[in-house]
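# Survey of secondary and tertiary structure
Below, each chain spelled out in residue letters.
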Amino acid sequence: MNNGMSSILICGYLPAPTQELSEYLGMHYSTCSCNDVGQALKLLDEEPVDLILAQHQQTGFDALTFLNRARISHPEVVRVLAGSLSREEMTEAINKAAVYQFLPEVWPVELVELMVRRSLENRELGYRYRHLNREFKIAEDVLKKYNEQIESSIEDSHQFDKLVYCSRSMASLCNMAKKASKTNLPILIQGPTGTGKELMARAIHHNSDRSRQPLMVHNCGGMSDELLHSELFGHKKGAFTGAVSDRLGLLPAADGGTVFLDEIGDVSPTFQVSLLRFLQEGEVKPLGSDKIIHCDVRVIAATNQPLTQLIQEGKFREDLYYRLNGFQLNIPPLSERPDDIEVLTEYLAKRYAHSIGRKILGVAPDVIKQFQLHNWPGNVRELENEIKRMVAMTDNGSFVSPEDLSEPIRSLKAKPTETVETLTLDGMTLKEKIEQMEIKIISKTLQRCRWNQSQTARELGLSRVGLSNKIKRYGIHADVVAGVQG
Ligand SMILES: Nc1ncnc2c1ncn2[C@@H]1O[C@H](COP(=O)(O)OP(=O)(O)OP(=O)(O)O)[C@@H](O)[C@H]1O
Ligand SMILES: [Mg+2]
């Protein structure tokens, strides 16, 4: 009966009108007819019917009984009743059979068809409404679940000013930074590019008693000595070619506040001496001036080349290193704190979406999974850029999806994990294999602790001397450490 068209069951009509109705309605719908209540109910069970058109009592067909029962067995089918009915019958038809529409006994087929069409349209609207309502409910449940997940992941994460993290290494580092911020000691922040050194310096300043005073940020990289001197200590008019007026340096300008010196590893030996004098005496002598200015400034320095390495290479003064090193905060690369990837992703996506007015539902879990496989040489900055691009590609009301991952990240495959079952000697003796693993573990820990051997020994459960012996025996040095993967 059903060939994609809506189907109508016609009951209780005399043969001639049934014929005429069937033919007319048959041009638009699939029709069938029946004049027996039992048979009509059976038909409803067996065939898909969208609308019942029943004529009351004309052929002895008890349309009211039929519609009452059809309402119970097939409530979704629209019920239309034709014929002359008493007041009581009408009340019953409305209350019990929930008839959608009444028709007079004699009614032109065109009008019957029009009324059938309207009834079916109405049924379709009801169906769509229920369907959409269900979809909304599902979407609402997904959203609710997702929000709960975010809330619990945010509960697990922490924030130090604008730094977001949940890894243990960052938690203990930020705890130390919070304590350091309450002192006036200089702070040395070390970490690879994009790990958040400047963000950390700002967090420290904002958490310090100097937060109402200025924070001056200066990048010391790629600057001539003269310019760097002039920037930080100031100069007198005519001190050098181009010094057309007096200039107050950053250090005196930040009196009472904080100066953040980025890329401190790049400064020349001459500048290192001047900086050392400032750290020892708190005195500044502008270029071309005899006058000494005292200023109370907390110095935070940052570098992405470990200073101990530069000292070994003869490029950095050891005494300056100790002066700067009131507190040392070593921010680990992102690859060494995979626990932070998820919270950072959620946080950065939400923040960027908000900034461009995009209403995203969140980040799909598969995106995070791929992020976990990447090594992030550019650290959080690289992650931030990847997320910004992906959020920009995401439509309002959607999740940030794995389809928008950049190709190098999308194509990463999870490595099978090395377990005792899969571990092979690869042609080595057992002793050699164990030594190889020991070298890997020591090197990775040294790298994470930025060659702080006391901390490394503590983490590995070794004595300081025990660790030093192993470093010597295996010939582990910074280059080897940098090359160790996996
Ligand atoms: N833990 C973090 N939480 C939130 N955002 C972070 C975090 N770490 C880094 N970022 C973001 O990553 C970007 C790089 O951070 P930042 O500039 O502080 O790094 P850096 O270590 O100073 O880098 P560089 O060595 O290249 O100067 C910034 O946009 C910063 O907001
Ligand atoms: Mg920086």
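Description of the structure in this document.

Criteria and cut-off values
- Residues numbered from 1 in each chain as written.
- Chains lettered and ligands numbered in written order.
- Predicted model: local features only at pLDDT ≥ 70, side-chain atom pairs only at ≥ 80, totals over all residues.
- Heavy atoms only, no water.
- Pairing = 2+ DSSP bridges.
- Helix = DSSP H or I, 4+ residues; strand = E, 2+ residues; numbered from the N terminus.
- Axes fitted to C-alpha atoms, helices over the stretch in contact; angles between N-to-C directions.
- Salt bridge = Lys/Arg side-chain N within 4 Å of Asp/Glu carboxyl O.
- Buried < 20%, exposed > 50% of the residue type's maximum accessible area, 1.4 Å probe, protein only.
- Polar contact = N/O pair within 3.5 Å; in protein donor to acceptor, adjacent residues only side chain to side chain.
- Contact = heavy atoms within 4.5 Å.
- Parallel < 35°, antiparallel > 145°, perpendicular 65-115°, else oblique.
- Nonpolar A, V, L, I, M, F, W, Y, C, P; charged D, E, K, R; others polar.
- Left-handed = near helix turned anticlockwise from the far one by under 90°.
- Phe/Tyr/Trp six-rings, centres within 6.5 Å; stacked < 30°, edge-to-face > 60°.
- Core = buried A, V, L, I, M, F, W, Y, C linked by side-chain atoms within 4.5 Å.

Pairing in this open sheet of five strands is parallel, and the strands run S2-S1-S3-S4-S5 from one edge to the other. In this open sheet, the two edge strands, each paired with only one partner strand, are strand S2 (30-34) and strand S5 (101-103). Strand-to-strand, the axes of this sheet are offset by a mean angle of 20 degrees, without reference to chain direction. In this sheet, S2 lies alongside strand S1 (residues 7-11) in parallel orientation, the contact comprising five bridges. Within the sheet, the bridge partner assigned to Ser7 lies in S2 and is Ser30.

As a working rule, side chains carrying opposite charge can pair if their charged atoms are close by. Scanning the entire structure with this criterion turns up 16 salt bridges. Between Glu198 and Arg202 there is a salt bridge whose closest N-O contact spans 2.8 Å. Taken together, the residues span about one helical turn, with Glu198 and Arg202 both in helix H7 (residues 197-206) at a distance of four residues. When its relative accessible area of 32% is taken as the criterion, Glu198 is described as partly exposed. The shortest N-O distance in the salt bridge between Glu438 and Lys470 comes to 2.7 Å. Of this pair, Glu438 sits in helix H17 (residues 430-448) while Lys470 sits in helix H19 (residues 464-474), and the two are 32 residues apart along the sequence. Take Glu438: its relative accessible area is 25%, and that puts it in the partly exposed class. Of the residues examined, Lys470 reaches a relative accessible area of 16% and is grouped as buried.

This next bit is on unusual backbone geometry. In the Ramachandran plot, Asp161 falls in the positive-phi region, its phi being about 55 degrees despite a non-glycine side chain. Within the secondary structure, Asp161 is located in the loop between strand S6 (158-160) and strand S7 (163-165). Residues other than glycine seldom take positive phi values, yet Asn379 does so here, at roughly 55 degrees. Within the secondary structure, Asn379 is located in helix H15 (residues 379-393).

With that out of the way, let us pick up the side chain of Ser401. On the secondary structure map, Ser401 appears in the loop between strand S18 (399-400) and helix H16 (407-410). Residue classification places Ser401 among the buried positions, given a relative accessible area of 17%. At 3.0 Å, the side chain of Ser401 forms a polar contact with the backbone nitrogen of Glu403. Sequence-distant contacts of Ser401, that is, excluding residues within four places in its chain, are made with Ala364, Val367 and Met390.

Interhelical geometry of helix H18 (residues 453-460) versus H19 gives an angle of 100 degrees and a closest axis separation of 9 Å. The angle between H18 and H19 falls in the class roughly perpendicular. Of the residues in H19, those touching H18 at Gln453, Ser454, Thr456, Ala457 and Leu460 are Arg464, Leu467, Ser468 and Ile471. Among the residues forming the contact of H18 with H19, the class breakdown is four nonpolar, four polar and one charged.

Here we come to the packing of helix H13 (residues 339-355) against helix H14 (residues 365-373). Where H13 meets H14, the closest approach of the two axes is 10 Å, and the angle between their N-to-C directions is 130 degrees. The angle between the axes of H13 and H14 places the two elements in the oblique class. Relative to H14, H13 is oriented so that their crossing is right-handed. For the pair formed by H13 and H14, the contact residues are Ile341, Glu342, Thr345 and Glu346 on the first element and Ile368, Phe371 and Gln372 on the second. Of the residues assigned to the contact of H13 with H14, the class counts are three nonpolar, two polar and two charged.

Across all of its chains, the model carries four aromatic pairs by this definition. Their ring planes at 40 degrees and their centres at 5.8 Å tell us that Phe233 and Phe271 sit as a pair that is tilted. With Phe233 in helix H8 (residues 225-233) and Phe271 in helix H10 (residues 269-281), this residue pair connects regions lying 38 residues apart in the sequence. Between the aromatic rings of Phe371 and Trp376, the centroid separation amounts to 5.2 Å while the plane-to-plane angle is 80 degrees, which identifies the pairing as edge-to-face.

Once that is clear, we can look at the sheet that holds strand S15 (residues 298-303). Ordered by their spatial adjacency, five strands build an open sheet running S9-S12-S15-S8-S16, and the pairing between neighbours is parallel. Two strands close off the open sheet at either side, each with one partner strand: strand S9 (215-219) and strand S16 (327-330). Averaged over all pairs of adjacent strands, the angle between strand axes in this sheet comes to 15 degrees, irrespective of strand direction. Pairing geometry for strand S8 (residues 187-190) and S16, over four bridges, is parallel. Within the sheet, the bridge partner assigned to Leu188 lies in S16 and is Gln328.

Counting 28 residues, the largest nonpolar core has Leu251, Leu261, Ile264, Phe278, Leu307, Phe316 and Leu324 as its most contacted members. Listed by contribution, the elements that provide at least two residues to this core are H8, helix H9 (250-253), strand S12 (258-262), H10, S15, helix H11 (307-312) and helix H12 (318-324). A total of five residues in this core trace back to one element, the largest contributor, which is H10. Every residue in contact with Leu251, bar those within four places of it in the chain, is listed here: Leu232, Phe233, Val259, Phe278, Val284, Cys295 and Val297. Counting 24 residues, the second largest nonpolar core, distinct from the first, contains Leu43, Leu44, Ala54 and Ala70.

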